[in-house]
Amino acid sequence: MSPFVAAEDRYSDLPYRRAGRSGLKLPAVSLGLWHNFGDDKPLDVQRAVLRRAFDLGVTHFDLANNYGPPPGSAESNFGRHFAADFRPYRDEILVSSKAGYLMWDGPYGEWGSRKNLLASLDQSLARTGLDHFDIFYSHRPDPDTPIEETMGALDTAVRSGKALYAGISNYSPEQTEAALAALKELGTPLLIHQPRYSMLDRWVEDGLLDTLDSHGVGSIAYSPLSQGLLTDRYLDGVPADSRAAGASPFLTSDRLTEETLATVRALNDIAKGRGQTLAQLAIAWVLRRGRVTSALIGASSVAQLENTVAATANLEFADDELAGIERVLGR
Ligand code: NDP
């Protein structure tokens, strides 16, 4: 591939939204590398998706130690693409990583100890070739480690300059309050929470978004397309190259019940009425009325990425449109 020169008009379309009461703005759509960037996926497709994302104004790429397969390979592959294409643009890009899920053998390879988080942070920096992450997350709450210890590790990550901001993911409202209290004691703000959120999974509406709002913490919603269910991907069966047909244990074809497909078809009709694809409707809905800072998507092709990012051309909803969606969702 020829050397990458970023598009001059890359900042003309995508909105940027402030993460809570921080100084940091995130693109309304961010790209995650959980799937589609492991050693099982062609490097040229990965590279094309990353290049196109940046050209569209997607300035945020989200990683974790264990993304692959195999675990670690998404960070190594990102490091390769970063070195080839993005190094001159480092200060235009936000890269995040996380620790907390199983990464290496023995008692220190997962969860929320200081030992796990800080060792994992160094490993992730080595794999990506970066000298710091913009955001470093505790990937999940650890019921057996004092929250002060886990947050202390995030505080150290920030104070050491290996991360610019601290984040948490998958914490309940109560766990978030505890994390906030511990970080406040240490004097390090909590930038952002990364929860799962889509039209098919709305747990964040039962308190978490209120908690984040009241403390001025941003939010980045992962799997806003419900891993592809909230797109046209499965409307006519299960394509051979889809996540549900592949080896990922996280989306299996038994999720595609008649009931879910009926909901997806009805949402697809609403999307058409708005002149959007279902993927675009799903993203606009997650971002509606500014409660969520960014929608954190995946994409297995440039075409999918372009389609999804174009959601930001219409993020507005009339009240009756939202009510129609609630009816389809059985609410
Ligand atoms: P999505 O819900 O956006 O699902 C992405 C998948 O949907 C793609 O791989 C593709 O499926 C399909 N798709 C995407 N765009 C389109 C389109 N326009 N038309 C048709 N199909 C489309 O997100 P992910 O589940 O991939 O998660 C996104 C990111 O969130 C992750 O990469 C990661 O960064 C983060 N995450 C964080 C977690 C945490 O615990 N903090 C957990 C999970 C994710 P196909 O591959 O079949 O083509």
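Structure: above.
Definitions and cut-offs
- Residues numbered from 1 in each chain as written.
- Predicted model: local features only at pLDDT ≥ 70, side-chain atom pairs only at ≥ 80, totals over all residues.
- Axes fitted to C-alpha atoms, helices over the stretch in contact; angles between N-to-C directions.
- Helix = DSSP H or I, 4+ residues; strand = E, 2+ residues; numbered from the N terminus.
- Parallel < 35°, antiparallel > 145°, perpendicular 65-115°, else oblique.
- Left-handed = near helix turned anticlockwise from the far one by under 90°.
- Contact = placed C-beta atoms within 7 Å.
- Nonpolar A, V, L, I, M, F, W, Y, C, P; charged D, E, K, R; others polar.
- Buried ≥ 20, exposed ≤ 12 C-beta atoms within 10 Å, placed from the backbone.
- Pairing = 2+ DSSP bridges.
- Right-handed = clockwise from strand over helix to strand, strands pointing away.
- Arc of directions from axis to C-beta.
- Near = placed C-beta within 6 Å.

Please provide a residue-by-residue account of the packing of helix 4 (residues 147-159) against helix 5 (residues 173-186), values included.
Where helix 4 meets helix 5, the closest approach of the two axes is 9 Å, and the angle between their N-to-C directions is 55°. In terms of axis orientation, helix 4 runs oblique to helix 5. Viewed along their axes, helix 4 and helix 5 form a crossing whose handedness is right-handed. Contacts between helix 4 and helix 5 involve I147, E148, M151, G152 and D155 from the first element and A178, A179, A182, L183 and L186 from the second. In the contact of helix 4 with helix 5, the residues fall into 7 nonpolar, 1 polar and 2 charged.

Could you give me a rundown of the pairing of strand 8 (residues 190-194), with the residues and numbers involved?
Looking down a regular strand, the side chains alternate between one sheet face and the other. Of all 5 residues making up strand 8, 5 are buried, and the element is well covered by its neighbours. Sheet analysis places strand 7 (residues 163-169) next to strand 8, joined by 4 bridges and oriented parallel. Each residue of the ladder has a partner; that of S169, found in strand 8, is Q194. For the segment spanning strand 7, helix 5 and strand 8, crossover handedness is right-handed. With respect to chirality, the unit in which strand 8 leads through helix 6 (residues 208-215) into the neighbouring parallel strand 9 (residues 218-222) is right-handed.

Which residues make up helix 6, and what are the values?
All of the buried residues in helix 6 are L208, L209 and L212. Burial along helix 6 is one-sided: seen end-on, the buried residues are contained in an arc of 95°. Tucked into the core, helix 6 has its buried residues touching helix 5, strand 8 and strand 9. Phi turns positive, to about 70°, at G216, one or two residues after helix 6.

If you had to explain the site of the ligand to someone new, which residues and values would you point to?
Near the ligand there are 31 residues, and of these G32, W34, L225, G228 and G298 occur at the shortest range. Broken down by secondary-structure element, the contributors of at least two residues to the shell around the ligand are strand 10 (294-297) and helix 9 (302-309). The element that contributes the greatest number of residues to the shell around the ligand is helix 9, accounting for 3 residues. Among the residues making up the shell around the ligand, the classes are represented as 9 nonpolar, 18 polar and 4 charged.

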